[in-house]
Amino acid sequence: MDLLQDKFHEWKHEHFQLYDEDGNELNEDLEIEIDQTLHDFIEIHLMRSIPTKF
């Protein structure tokens, strides 16, 4: 899971300008929305991987 999150954060920072050159946050709402998308994706796929019948 850590590898997925690390790669996601690398991708996020390569494709979205979230911080300026000094490290100041430019768009906190966008970053929250992007992170929520990853969380939702992981949650959906985990739910699909859990058997519903025993």
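Structure report, in brief.

About the cut-offs
- Residues numbered from 1 in each chain as written.
- Predicted model: local features only at pLDDT ≥ 70, side-chain atom pairs only at ≥ 80, totals over all residues.
- Heavy atoms only, no water.
- Helix = DSSP H or I, 4+ residues; strand = E, 2+ residues; numbered from the N terminus.
- Buried < 20%, exposed > 50% of the residue type's maximum accessible area, 1.4 Å probe, protein only.
- Areas by Shrake-Rupley, 256 points an atom, 1.4 Å probe, with all protein chains shown as cover.
- Lys, Arg positive; Asp, Glu negative; His and termini not counted.
- Charge placed at Lys NZ, Arg CZ, Asp CG, Glu CD.

Further remarks concern the overall build of the protein chain. Helix and strand counts for the protein chain come out as two helices and zero strands. C-alpha atoms of the protein chain, sized along the principal axes, occupy 55 × 20 × 15 Å. Counting the 54 residues in the protein chain, one finds 13% classified as buried. Of the roughly 4,900 Å² of accessible surface on the protein chain, 54% is carried by carbon and sulfur atoms. Placing the 4 positive and 15 negative side-chain charges of the protein chain at their respective mean positions leaves the two points 18 Å apart.

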